[in-house]
Amino acid sequence: MSSIVPVLLLAVAGILVGGVVSLARQGASRFSIGLVAVLALLALAGGVLWLIPGDNT
């Protein structure tokens, strides 16, 4: 299960980045673009940090 989580987080980040590009092309508000971009960065950071080896206690 734990090996699936970073893959899912990185997939969600990719989908959200696509959403940012789509929102920007459609002329959406800066707030909505920024919100989706922040969520994409959080998902990306979570996926990468999950892959870093550490103590499994």
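Above this text sits the structure in question.
Residues numbered from 1 in each chain as written. Predicted model: local features only at pLDDT ≥ 70, side-chain atom pairs only at ≥ 80, totals over all residues. Heavy atoms only, no water.

Asks: Looking at this model, I keep getting lost on a nonpolar patch on the surface. Mind explaining?
Replies: Together, Leu10, Leu41, Leu44, Val48 and Leu51 make up an exposed nonpolar region whose accessible area comes to about 440 Å². The greatest single-element share of the nonpolar patch, amounting to four residues, is contributed by helix α2 (residues 30-51). Residue placement: Val48 occurs in helix α2. (Patch = residues over 30% accessible without salt bridge, like charges linked within 9 Å, V, L, I, M, F, W, Y side chains within 5 Å. Areas by Shrake-Rupley, 256 points an atom, 1.4 Å probe, with all protein chains shown as cover. Salt bridge = Lys/Arg side-chain N within 4 Å of Asp/Glu carboxyl O. Helix = DSSP H or I, 4+ residues; strand = E, 2+ residues; numbered from the N terminus.)

Asks: What's the story with the packing of helix α1 (residues 5-26) against α2 in this structure? I'm lost.
Replies: Geometry of a packed helix pair, given as the angle between the helix axes and the separation of the axes. At a minimum axis distance of 8 Å, the contact between α1 and α2 shows a crossing angle of 160°. Between α1 and α2, the interaxial angle falls into the category roughly antiparallel. Crossing geometry of α1 relative to α2 is assigned as left-handed. For the contact of α1 with α2, the class distribution of residues is 21 nonpolar, four polar and no charged. (Axes fitted to C-alpha atoms, helices over the stretch in contact; angles between N-to-C directions. Parallel < 35°, antiparallel > 145°, perpendicular 65-115°, else oblique. Left-handed = near helix turned anticlockwise from the far one by under 90°. Nonpolar A, V, L, I, M, F, W, Y, C, P; charged D, E, K, R; others polar.)

Asks: I would appreciate a short explanation of α2 in the present structure.
Replies: Note that an α-helix has 3.6 residues per turn; residues three or four places apart therefore point the same way. Under the 1.5 Å per step criterion, the end-to-end length of α2 is 32 Å for 22 residues, consistent within 8% with the ideal 32 Å. Every buried residue belonging to α2 is among Val36, Ala40, Ala43 and Gly47, and all of these are buried. All buried residues of α2 lie within an arc of 65° about the axis, which places them on one face of the element. Opposite the buried face of α2, by more than 90 degrees, sit the exposed residues Arg30, Phe31, Leu41, Leu42 and Leu49. On the buried face of α2, the contacting elements are α1. (Expected span 1.5 Å × (residues − 1). Buried < 20%, exposed > 50% of the residue type's maximum accessible area, 1.4 Å probe, protein only. Arc of directions from axis to C-beta. Contact = heavy atoms within 4.5 Å.)

Keep in mind these values describe shape, not function.
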